[in-house]
Amino acid sequence: MSCKKVYITTPIYYVNDSAHIGHAYTTIIADTIARYSKLLGYDTFLLTGTDEHGQKIEQSAKKKGKSPKEYADEISKTFKDLWDDFGIEYDYFIRTTDDKHKQGVKFAFQKMFEKGDIYKGKYSGNYCVSCESFFTDTQLIDGSGCPDCGKETSIIEEESYFFRLSKYQDRLLEHYKNNPDFILPASKRNEVIAFVESGLKDLSITRTSFDWGIKLPENMNEPKHVMYVWLDALLNYLTALGYGGNGEKMDYWPAKIHIVGKDILRFHAIYWPAFLMSLDLPLPHHIGAHGWWTRDGQKMSKSIGNVVKPREVVEAYGLDTFRYFLLREVPFGQDGDFSEKALINRINGDLGNSLGNLLNRVIGMGGKYFNYKFSSDLSLFQNELEKVDDIVSKLESYIFQMQTHRYLEEIWEILAIGNRTIQSSEPWVKIKSNPDEVEALLVFVSNLLVRVSILLYPVMPNSSKKMAEALGIEISPENYDRFIRNRELLNSFEITKIPALFPKVDKPKMGQAPKREEKREIAEEGLITIDKFFEVKIRVGEILEVEEIPKSKKLYRLQVNLGEERPRQIVAGIKEFYKKEELLNTLVCVVANLKPAKLMGHISEGMLLAVRDSQGLSLIRPEHRREVGSPIS
Ligand code: ME8
């Protein structure tokens, strides 16, 4: 067996938020790939951890009245506890506040500096605190909006050290060209290439505007500067292996794959390889960028209160089903939507009807007809076995190409062959006339299930172990070799009865009833007087103009007549639901005494009333035409 070393990483998570489905997704994919790699017999190292420096975290801590370190300790622990409770088999949990990490980052900085890749200059740029990123003028939305999160950026001018990113532009392009699977999936590769081709500017890598970060090496005598959080964070992939210290695990480098969300691909596919080139280290084999999760079709946000909390899902539906859903529901790289309905469909369909049912049939018939022991040769099923072998031979490549949904689809094809063969052989009829054929059928299907249980282990470790136990085998690298690589078949089985693995789910379980109760209580407590209601001035308005806002998918800029001297400008997030002509010269209801706010760089002087549900958004309008400016009560 090979003792190849495989290093797999998740992003390190910011400690200004608690874990949500996006974090769980990245971590579960990484855990799946790591478990698969271990089944293949590879010496595997899985890294995860928390990203704890930077202005954003400094500010969040301040809001809670805590020191940044206290705050980071608290949140970092919630991530670690979650992964422990989810059985994530990480080998090391790194924190960027660890001394070992700080020492490694300083070492790297010194090395890049000595190489001539770092120089001192002045930086003036548009900075988004939320994303901890600078943007060029052309990247901004409407002159000041952050292209990633939409929030206002501010101009920061400060003395800064720069990394000569521009020097690596050609080498990066060369690398993408020579290694077409460096960025996975392929669809994301072109975006990165286009960005690099458009010209790389040197990167500001120190800050003097805040304090919560790693200081520069002492011999540089620059106490005001702290390192840019992305330089600090990316280097975690090396410091976790002992880089800049005892280097004891550096033989795991280069990483097999860094798994990241699409929003942080640029940092991993451009900055990171350039830093590594500067440090004269080999580049990772792959950067795998996954898509974005929404909930019931809507972007998740704390203010809407629709963030999917992984613990809640797992408490309601179980860990393995959640893992299966995440990996099966969307092709890696594409955006996905979480809804309880979709999850329940996967549980009742794929897991209950196909997988659970096949196992139940073997246990049921095996028990009833053969007292749980059956044996036979498999000559009757050669054709079916060939088809299964064909599928099994393709599976390994899907995993490291990050085609986890394909991997699962193909396993379900094996299950379909099993279920179809039972259906067409009608064992319940044949058991009287030809019990030998029924016995052979059960041996055949049990062999399929042996393979499926091993293949599913990386995705659903607990259920597949139970399946394997029922079939009398163990899940191990040795058995992966026997049953998957060498396609060995067993001629006899002694099986054990186990309870149904995936009982049918009849109705949603994620604590909906209590939530409604809670809401009612809040509603009663929150009763207001009529006077309070009249503090809100709502008026009838007529839309006179509708304009698009460049680069905004959601917003229109409207001019609305409220019967005043001049029309009001209102920026409204209704573009996805209304065409311009459906709005022009129509009546709407407008909150007229709302404090003006800036949205994507445009002043908005009011708010339209609308209702939003699972079918979309609908404006609230007067039933009959009424005079503009009329008050609504
Ligand atoms: O970016 N759907 O940390 P982070 C899918 N500290 N994935 C999502 C998501 C969603 N709705 N929301 C977030 C950072 N993510 C940096 C990483 S690595 C050297 C430094 C993903 O906590 C996001 O894409 O903001 C990212 O991969 C991960 O969660 C961590 O996000």
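Residues numbered from 1 in each chain as written. Predicted model: local features only at pLDDT ≥ 70, side-chain atom pairs only at ≥ 80, totals over all residues. Heavy atoms only, no water.

Participant: Please clarify how the side chain of Arg-295 should be interpreted in this entry.
Facilitator: Positionally, Arg-295 belongs in strand S13 (residues 293-295). You can call Arg-295 buried: its relative accessible area is 13%. A polar contact is formed between the side chain of Arg-295 and the backbone oxygen of Asn-306, at a distance of 3.5 Å. Setting aside anything within four residues of it in sequence, one finds Arg-295 in contact with Met-300, Asn-306, Val-307, Val-308, Asp-337, Phe-338 and Met-510. (Helix = DSSP H or I, 4+ residues; strand = E, 2+ residues; numbered from the N terminus. Buried < 20%, exposed > 50% of the residue type's maximum accessible area, 1.4 Å probe, protein only. Polar contact = N/O pair within 3.5 Å; in protein donor to acceptor, adjacent residues only side chain to side chain. Contact = heavy atoms within 4.5 Å.)

Participant: For this particular structure, what's the right way to read the pattern of salt bridges?
Facilitator: Two side chains with opposite charge may pair up if their charged atoms get near one another. Applying the stated criterion across every chain, the model contains 38 salt bridges. In this structure, Arg-95 engages Glu-52 in a salt bridge whose closest nitrogen and oxygen atoms are separated by 2.6 Å. Within this pair, whereas Arg-95 is found in strand S3 (residues 92-95), its partner Glu-52 is found in the loop between strand S2 (43-51) and helix H2 (55-63), the two being separated by 43 residues in sequence. Judged by relative accessible area, which is 17%, Arg-95 ranks as buried. (Salt bridge = Lys/Arg side-chain N within 4 Å of Asp/Glu carboxyl O.)

Participant: How should I be thinking about the sheet that holds strand S7 (residues 183-184) in this particular structure?
Facilitator: Remark on secondary structure: sheet strands pair via backbone hydrogen bonds, oriented parallel or antiparallel. Reading across from one edge, S3-S2-S1-S11-S12-S7 is the order of the 6 strands in this open sheet, with parallel pairing throughout. With one partner strand each, in any of the chains shown, S3 and S7 form the two edges of the open sheet. Where strand S1 (residues 5-14) lies against S2, 8 bridges are found, and the strand directions are parallel. Counted as the bridge partner of Tyr-14 is Asp-51 from S2. On top of the sheet, helix H3 (residues 68-85) reaches S1, S2 and S3; it is set at about 160° to S3, its chief contact. (Pairing = 2+ DSSP bridges. Axes fitted to C-alpha atoms, helices over the stretch in contact; angles between N-to-C directions.)

Participant: Is there a simple way to think about the sheet that holds strand S5 (residues 133-135) in this case?
Facilitator: Strand order in the open sheet formed by 4 strands is S5-S4-S6-S8, with antiparallel pairing between adjacent strands. The open sheet has two edge strands, S5 and strand S8 (203-204), and neither has a second partner.

Participant: What is the right way to read the packing of helix H13 (residues 382-400) against helix H14 (residues 404-425) from this model?
Facilitator: Packed helices, taken two at a time, are described by the angle between their axes plus the distance between the axes. Their axes nearest at 9 Å, the elements H13 and H14 cross at an angle of 165°. By the angle between their axes, H13 is roughly antiparallel relative to H14. Between H13 and H14 lies a crossing whose hand is left-handed. Here H13 contributes Glu-384, Lys-387, Val-388, Ile-391, Val-392, Lys-394, Leu-395, Tyr-398 and Ile-399 to the contact with H14, which in turn contributes Thr-404, Arg-406, Tyr-407, Glu-410, Ile-411, Glu-413, Ile-414, Ile-417 and Thr-421. (Parallel < 35°, antiparallel > 145°, perpendicular 65-115°, else oblique. Left-handed = near helix turned anticlockwise from the far one by under 90°.)

Participant: Which parts of the structure should I look at to understand helix H17 (residues 461-471)?
Facilitator: Residues of H17 that are buried: Pro-461, Ser-463, Ser-464, Met-467, Ala-468, Ala-470 and Leu-471. Buried residues in H17 make contact with helix H1 (21-39), helix H11 (319-329), helix H12 (340-370), helix H16 (435-456) and strand S16 (492-494). A positive phi of about 85° marks Gly-472, the residue just after H17.

Participant: Where do I start with the state of the cysteines in this structure?
Facilitator: Disulfides are covalent bonds that link the sulfur atoms of two cysteine residues. Overall, the coordinates contain 0 disulfides when judged by the stated rule. There is no disulfide at Cys-146, and the cysteine sulfur nearest it, in Cys-128, is 3.7 Å away. Since its relative accessible area comes to 0%, Cys-146 is described here as buried. Summary of cysteine pairing: Cys-149 is not part of a disulfide, and the nearest cysteine sulfur, belonging to Cys-146, is at 3.8 Å. The class for Cys-149 is partly exposed, based on a relative accessible area of 32%. (Disulfide = S-S within 2.5 Å.)

Participant: Just checking my understanding: could you explain the side chain of His-286 for this structure?
Facilitator: Looking at where His-286 falls in the secondary structure, it is placed in strand S12 (residues 286-290). Within the structure, His-286 has its side chain in polar contact with the backbone oxygen of Asp-181 (distance 2.7 Å).

Participant: Please explain the pairing of strand S19 (residues 568-572) as it appears in this structure.
Facilitator: For a regular strand, side chains alternate in direction, first toward one face of the sheet and then toward the other. Where burial is concerned, most of S19 is hidden: 5 out of the 5 residues are buried. Burial of the side chains of S19 extends over both faces: Arg-568, Ile-570 and Ala-572 are buried on one face and Gln-569 and Val-571 on the other. Inspection of the sheet shows strand S18 (residues 556-561) paired to S19 by 5 bridges, in the antiparallel sense. In the sheet register, Val-560 faces S19, and the bridge partner there is Arg-568. Linkage of S18 to S19, two consecutive antiparallel strands, is achieved through a turn of 6 residues, within which Gly-563 is found at a positive phi near 75°.

Participant: So what exactly am I meant to see when it comes to the domain arrangement of the chain here?
Facilitator: Accessible area lost when the parts come together is the quantity often used to give the size of an interface. Structurally, the chain comprises domain 1 (5-312), domain 2 (337-494) and domain 3 (531-632). Summarising the inter-unit geometry, the C-alpha centres of domain 1 and domain 2 are found 41 Å apart. In this assembly, 26 residues from domain 1 lie in contact with 21 residues from domain 2. Both sides of the domain 1 and domain 2 interface together cover about 2,100 Å² of buried area, and 68% of this is carbon and sulfur. When the buried area of domain 1 at its contact with domain 2 is split by residue, Arg-35, Tyr-36 and Leu-39 rank highest and sum to 35% of it. Across the contact surface, domain 1 and domain 2 share 0 salt bridges. (Domains from an automatic or database assignment. Buried area = accessible area lost by both parts, 1.4 Å probe.)

Participant: Even after reading the chapter, I still don't get H14, so can you show me in this structure?
Facilitator: For an α-helix the count is 3.6 residues per turn, leaving residues at separations of three or four pointing the same way. Taking 1.5 Å of rise per residue, the 22 residues of H14 would be expected to cover 32 Å, and the 32 Å separating its terminal C-alpha atoms lies within 8% of that figure. Phi turns positive, to about 45°, at Glu-426, one or two residues after H14. (Expected span 1.5 Å × (residues − 1).)

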